[in-house]
Amino acid sequence: MPKAEIHNEIRKLRFEHGEMTQQELADHVGCTRQTIILLEQERYVPSLALAMKIARVFGTPVNQVFELEEGA
Amino acid sequence: MIVVLWAILALVVGLAAIVVKARLAVPPRPPLPPDVELPDTPLQRTSRLSLGAGLVLAAFACGVVVVHGPEATMADDRVRLLFTALLMAILVALSGASIRLKVQAGREGGMLDERDRAILDRAPAVQGAGTILTLAVWTVGLMVRFHGAGAVPLDYVVLLFWSCLVVHLLALPVGILMGYRRS
């Protein structure tokens, strides 16, 4: 799978939310830690449902967590 | 007869080409930075475990047939019992793991997430290719071996069935593990 053209701020937001661990975020949204790592490395594009769950954990709109790269 | 053999060989090569093309169509995921380590998912662990157990049991079953020969394996009650017991163990181990995964996949909040489910959905493609290739190899082998006799002993038909079933079962964890390398 080519590298995702969607940029995200998950890593930054985790640290801004009490240095939440990847496992804690994974537990909150119901996915594996491997998926969170691949999301942070922008190697995996989540479904809309997972993106919304992640945004809800951080209490921010989806477009502040995920952003379409310029020219994509 | 030579024409038929060539047709089968062409089929095998064609199928191999399809598999290679499929692999190229979904290239491996770009490498992660060296400091990033991916922990195994529960699905990966289950697949690795069932594949390992299945391969060990399959190797023992193959060993029994190689040591005793196909005809003696089926003729001798004790050897046939050992061979059947090994195959049953493979069937129970891999079918059990497969059913458990299917149940987990249908359960919200289970051990599988959306990525695991996508990988699990794509994995059966490997089962089809593996089974067809096994059949093709058997067909070529049986035709070469029994070309003159004009008939194939029933023992070989039983072995053909079991080998296809074992390959079919082993191909699922293989497909899953391949999926993790590519998605």
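No experiment lies behind these values; they were computed from the predicted model shown.

A. Representation of the overall build of chain A within the structure. When its secondary structure is counted, chain A shows five helices and two strands. Listing the helices and strands of chain A from first to last along the sequence gives β-α-α-α-α-α-β. Whereas a compact globule of 72 residues would reach a radius of gyration of roughly 11 Å, chain A reaches 11 Å, a difference of no more than 12%. When the backbone C-alpha atoms are referred to their principal axes, chain A occupies close to 35 × 25 × 20 Å. A burial count over chain A gives 25% of its 72 residues as buried. Long-range pairs, those at least 24 residues apart, make up 58% of the contacts in chain A with a sequence separation of at least 6.

B. Examining the overall build of chain B more closely. In terms of helices and strands, chain B carries seven helices and zero strands. Starting at the N terminus, the α and β elements of chain B follow one another as α-α-α-α-α-α-α. Residues classed as buried in chain B amount to 21% of the 183 residues present. Taking all contacts inside chain B whose residues are at least 6 apart in sequence as the whole, residues at least 24 apart take part in 80%.

C. Region of the structure containing the interface of chain A and chain B. Counting residues at the interface gives 14 residues for chain A and 15 residues for chain B. Residue classes in the side of chain A that touches chain B are distributed as five nonpolar, six polar and three charged.

D. Summary view of the packing of helix α2 (residues 22-29) of chain A against helix α4 (residues 48-58) of chain A. Residue and element names in this part refer to chain A. Their axes nearest at 9 Å, the elements α2 and α4 cross at an angle of 115°. The two elements α2 and α4 cross, and the hand of that crossing is right-handed. Residues L25, H28 and V29 of α2 form the contact with α4, whose participating residues are L50, K53, I54 and V57. Split into classes, the residues belonging to the contact of α2 with α4 amount to five nonpolar, one polar and one charged.

E. Region of interest: the nonpolar core. The biggest cluster of nonpolar side chains holds 24 residues, and the ones touching the most others in it are I90, L120 and L170 of chain B. Of all elements in the fold, only α2 (42-68), α4 (77-105), α5 (114-122) and α7 (154-182) of chain B reach the threshold of two or more residues within this core. The greatest single-element share of this core, amounting to eight residues, is contributed by α7 of chain B. I10, V29, L38 and I54 of chain A belong to the second-largest nonpolar core, a separate cluster that totals twelve residues.

F. Main features of the packing of helix α6 (residues 124-145) of chain B against α7 of chain B. Residues and elements named next belong to chain B. Closest axis-to-axis distance for the α6/α7 pair is 7 Å, and the angle between their directions is 150°. Between α6 and α7, the angle is such that the two are roughly antiparallel. Judged by the twist between their axes, the crossing of α6 over α7 is right-handed. Contacts between α6 and α7 involve P124, A125, V126, Q127, G130, T131, T134, L135, W138 and L142 from the former and Y156, L160, S163, C164, V167, H168, A171, L172, V174, G175 and M178 from the latter. Across the contact of α6 with α7, the residue classes break down as 14 nonpolar, seven polar and no charged.

G. Representation of α7 of chain B within the structure. Residue and element names in this part refer to chain B. Its 29 residues give α7 an end-to-end C-alpha distance of 41 Å, which sits within 8% of 42 Å, the value for a rise of 1.5 Å per residue. Of all bends in α7, the biggest is about 25°, found at A171, and the proline P173 comes one to four residues later. For α7, the set of buried residues is S163, V166, V167, L169, L170, A171, L172, P173, G175, I176, M178 and G179.

H. Spatial organisation of the environment of S95 of chain B. Mapping S95 of chain B onto the fold places it in helix α4. Take S95 of chain B: there are 14 C-beta atoms within 10 Å of it, and that puts it in the partly exposed class.

What counts and what doesn't
- Residues numbered from 1 in each chain as written.
- Chains lettered and ligands numbered in written order.
- Predicted model: local features only at pLDDT ≥ 70, side-chain atom pairs only at ≥ 80, totals over all residues.
- Helix = DSSP H or I, 4+ residues; strand = E, 2+ residues; numbered from the N terminus.
- Rg over C-alpha atoms; globule rule 2.2 N^0.38 Å.
- Buried ≥ 20, exposed ≤ 12 C-beta atoms within 10 Å, placed from the backbone.
- Contact = placed C-beta atoms within 7 Å.
- Nonpolar A, V, L, I, M, F, W, Y, C, P; charged D, E, K, R; others polar.
- Axes fitted to C-alpha atoms, helices over the stretch in contact; angles between N-to-C directions.
- Left-handed = near helix turned anticlockwise from the far one by under 90°.
- Core = buried A, V, L, I, M, F, W, Y, C linked by C-beta atoms within 7 Å.
- Parallel < 35°, antiparallel > 145°, perpendicular 65-115°, else oblique.
- Expected span 1.5 Å × (residues − 1).
- Bend = angle between axes of the 7 residues up to and from the residue.

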